[in-house]
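# Per-entry structural report
Single-letter residue listing:
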Amino acid sequence: MESINVREAVKALLQQVTAENQPIPPYRVIRARIGNHGSMETIGEAVREWKAGQLQVEGSLPSGFESKAGEAILKTIWTDHANAYRGNPSGGRRPYRA
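Another aspect to go through is the overall build of the protein. Scanning the protein from terminus to terminus reveals four helices and zero strands. Burial statistics for the protein: of 98 residues in total, 22% are counted as buried. Within the protein, residue pairs in contact and separated by at least 24 positions form 49% of the contacts whose partners lie at least 6 positions apart. As displayed, the protein has an accessible area near 7,100 Å², and 52% of this comes from carbon and sulfur atoms.

Set out below in structure tokens:
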């Protein structure tokens, strides 16, 4: 059996589906499309890593916030959203409680 890098295969698949303007498929569909390799946990981690990477690639801060206060507020909001995509909603400040 050919060994594959599951994380890289998942990320390549996600690049392909987003390039085709398709929604991100469920983990089971992703697993099937990469040849039934990897666990659901590994696939989920790869999806979260890919999403976090997309924030860095596509995520420039919007213009129009010239003051330092506006930039600080925007940066805080942006960081919180990035942490949520990375699966760390509190950003390490305190434990998350639902």
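Listed in full, the eleven residues of the largest apolar core are V6, V10, L13, L14, V17, I30, I34, I43, A46, V47 and W50. For this core, the elements supplying multiple residues, two or more each, are helix 1 (6-19) and helix 3 (40-58). The dominant element in this core, judged by the number of residues it contributes, is helix 1, at five residues. In contact with V10, other than residues within four places in its own chain, are I30, I34, I43, A46 and V47.

Enumeration over the complete set of coordinates arrives at three salt bridges. Between R7 and E45 there is a salt bridge; the shortest N-O distance is 2.5 Å. Linking R7 in helix 1 with E45 in helix 3, this pair joins segments that are 38 residues apart in sequence. The exposure class assigned to R7 is partly exposed, which follows from its relative accessible area of 27%. We note a salt bridge from E49 to K11, for which the minimum N-O separation is 3.0 Å. Within this pair, whereas E49 is found in helix 3, its partner K11 is found in helix 1, the two being separated by 38 residues in sequence.

Cut-offs and rules
The numbering scheme is per chain: residues are counted from 1 as the chain's sequence reads. It should be noted that, the model being predicted, local features are given only for residues of pLDDT at least 70 and side-chain atom pairs only at 80 or more, the latter also being counted only at that level, while totals for whole chains, interfaces and linings use all residues. To obtain the side-chain values, all non-hydrogen atoms of the structure were used and water was disregarded. Each helix corresponds to a stretch of at least 4 residues labelled H or I by DSSP, and each strand to a stretch of at least 2 residues labelled E; elements are numbered beginning at the N terminus. Each residue's exposure class comes from its accessible area (1.4 Å probe, protein chains only) as a fraction of the maximum for that residue type: buried when under 20%, exposed when over 50%, partly exposed otherwise. Contacts are residue-level and defined by heavy atoms, with any inter-residue pair within 4.5 Å sufficient. Exposure was quantified through the Shrake-Rupley algorithm and a 1.4 Å probe, taking into account, for residues, occlusion by the shown protein chains and nothing else. Only buried Ala, Val, Leu, Ile, Met, Phe, Trp, Tyr and Cys residues count toward a nonpolar core, and they belong to the same one when joined by side-chain atoms within 4.5 Å. Definition used for salt bridges: Asp or Glu carboxyl oxygen within 4 Å of a side-chain nitrogen of Lys or Arg.

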